[in-house]
Amino acid sequence: MSGSRLTRLSLWWLLLRLSIAVTLLVGFSKQTDEIEREPIGLGAIAAENDSLVTLREYADDLSSIRLKLLQLSYINRMRAKYDLPPLKYDLLAGRVIASHLAEQTRERTFAHINLAGEYAWHRWAKTGRTDHVKENLFALFSTGRYPRELRDQLLRMHTGVDAFLAEKPPNDGHRKAILDPYATHVGLAFQQAPDDHSFRYGELYVNRYIELEPLPRYLKSSHDTLIIKGKILRPVYGPYSFFGYWTPPLQRPARADLFSDRPYPDGSKEIVVESWPWDFTGYRHGDNRFTLYLPINKAKPGLLYGVLHIRDKIETIPYRGGKATTEGTIPAAGFVIPIVAD
């Protein structure tokens with residue numbers, strides 16, 4: 001009886017070990033297949049990388065582009081599980097997030113804010129682009145050394161996405177960003193410290209729905225008019241609302257704020273100017289163009305962070321007056337303009 005039981009236990013243990021071995025082998029095989037696969041769009045992104053002048057110091061080599069496009073594929077597979085559309089790769093967004101990770105690695109910090117006091121929307125605005133953006137950051141730290149093989153770096157980026165998706169409300173801001181149904185593009189970056197004791201990974205999600213005409217370089221604090229002209233790129237949406245948030249002049253944050261996983265503000269509690277559907281004078285759904293004339297009165301010197309929202313179901317948007325709410329709207333454009341004393 002005991003011999004039979006021992007045999008059964010030995011057989012069970014052997015099968016368990018074989019199962020674990022097969023699982024590890026399959027997992028390694030999948031990673032090997034993934035790293036050796038030719039990413040979709042590699043040639044086009046590589047060509048754009050060679051021609052893009054903005055933030056050229058953060059241009060990628062071909063192996064890094066391959067890794068980022070493989071990571072994009074992983075993100076899109078995760079989004080597909082929730083019936084969300086795939087994202088396109090934004091090379092400039094990747095460079096913006098890479099610049100932030102490079103500073104963090106150099107200065108041994110980890111936060112959404114940088115040494116200049118800038119958040120993601122400040123850094124994006126400096127490129128001249130006017131899309132609305134969201135940033136996700138992930139980091140690993142160890143007393144040991146992280147391997148530098150491309151396969152290992154890709155696996156750590158996958159770990160970052162898995163960590164984002166494992167978040168639970170109310171602390172699920174990263175999860176909401178990666179599963180935002182209205183995000184259209186994403187830029188990615190990764191950075192391993194020279195001593196190999198830390199690894200950082202970042203995502204910059206982009207909502208690309210609007211093309212804005214050039215904005216003023218600054219606004220006068222006592223009295224000025226902010227004129228916003230633009231075109232909706234997707235005709236199923238119409239312009240809906242605008243909020244101009246006042247934020248203080250940039251200054252270097254406290255050291256404690258440079259190592260924090262707190263979410264960052266998308267705006268402020270102080271609104272300088274706002275508009276609603278009936279303020280979009282001359283908007284015609286036929287050509288999808290709009291104009292806003294927004295008076296700025298007695299604003300404090302600082303920065304205006306503007307966020308423009310759009311909405312679908314255009315036929316129900318009250319352009320001729322009525323009631324309006326931001327519920328169901330998409331933050332589709334974001335920009336920063338200095339407010340100067342006059």
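Provided above is the structure to which this section pertains.
Being a predicted model, the structure only gives us computed values, none of them experimental. (Residues numbered from 1 in each chain as written. Predicted model: local features only at pLDDT ≥ 70, side-chain atom pairs only at ≥ 80, totals over all residues. Heavy atoms only, no water.)

A. Geometry of the pattern of salt bridges. A complete count under the given rule lists 14 salt bridges for this structure. A salt bridge links K68 to D60, with the shortest nitrogen-to-oxygen separation between them at 2.9 Å. Overlapping salt bridges bring together D90, R129, D131 and R208 as one network. (Salt bridge = Lys/Arg side-chain N within 4 Å of Asp/Glu carboxyl O.)

B. Expanded view of the pairing of strand β13 (residues 330–340). Counting buried residues in β13 gives eight out of eleven residues, a clear majority hidden from the surface. Two elements, strand β12 (residues 302–311) and β13, share nine bridges in a ladder whose sense is antiparallel. From the neighbouring strand, G302 faces β13, where its bridge partner is I339. (Buried < 20%, exposed > 50% of the residue type's maximum accessible area, 1.4 Å probe, protein only. Helix = DSSP H or I, 4+ residues; strand = E, 2+ residues; numbered from the N terminus. Pairing = 2+ DSSP bridges.)

C. Local environment of the layout of surface pockets. Counted as a void, the largest pocket has a volume near 620 Å³. For the lining of the largest pocket, the secondary structure elements donating two or more residues are β2 (132–141) and α7 (173–178). Residue contributions to the lining of the largest pocket peak at eight residues, all from β2. Classifying every residue of the lining of the largest pocket by side-chain character gives eleven nonpolar, seven polar and eight charged. Within this model, the second largest pocket holds a volume of roughly 250 Å³. Around the second largest pocket, the lining is made up of 14 residues, and of these I40, G41, L69, L72 and S73 lie nearest the centre. At the level of elements, α3 (62–80) and β1 (88–89) are the ones that each hand at least two residues to the lining of the second largest pocket. A per-element tally of the lining of the second largest pocket places α3 first, with five residues. Here the lining of the second largest pocket is composed, by residue class, of eight nonpolar, three polar and three charged. (1 Å grid on protein atoms, 1.4 Å probe; cavity = no way out; pocket = protein on both sides within 12 Å on 5 of 7 lines; lining within 4 Å. Points joined across faces, edges and corners; volume = space filled by probe spheres on them. Nonpolar A, V, L, I, M, F, W, Y, C, P; charged D, E, K, R; others polar.)

D. Representation of the side chain of S260 within the structure. Of note, S260 is situated in the loop between β8 (238–247) and β9 (271–275). By relative accessible area, which is 12% here, S260 ends up buried. In this structure the side chain of S260 is engaged in a polar contact, spanning 3.1 Å, whose partner is the backbone nitrogen of R262. Setting aside chain neighbours within four positions, we find S260 in contact with F110 and A111. (Polar contact = N/O pair within 3.5 Å; in protein donor to acceptor, adjacent residues only side chain to side chain. Contact = heavy atoms within 4.5 Å.)

E. Fine view of the environment of V161. Inspection of the secondary structure assignment puts V161 in helix α6 (residues 150–165). Here the alpha-carbon distance between V161 and R175, two residues 14 residues apart in the chain, equals 8.5 Å. Leave out the neighbours within four places in its chain, and V161 touches Q71, Y74, I75, M78, I178, Y201 and E203.

F. Quick peek at helix α4 (residues 91–107). Under the 1.5 Å per step criterion, the end-to-end length of α4 is 24 Å for 17 residues, consistent within 8% with the ideal 24 Å. Burial runs high along α4: 15 of the 17 residues are buried. For α4, the N-terminal capping position is held by D90, with its side-chain oxygen 3.1 Å away from the main-chain nitrogen of L92. The first or second residue beyond α4 is R108, which carries a positive phi of 60°. (Expected span 1.5 Å × (residues − 1).)

Note that every value here comes from positions in space, so none of it alone points to a role or purpose.
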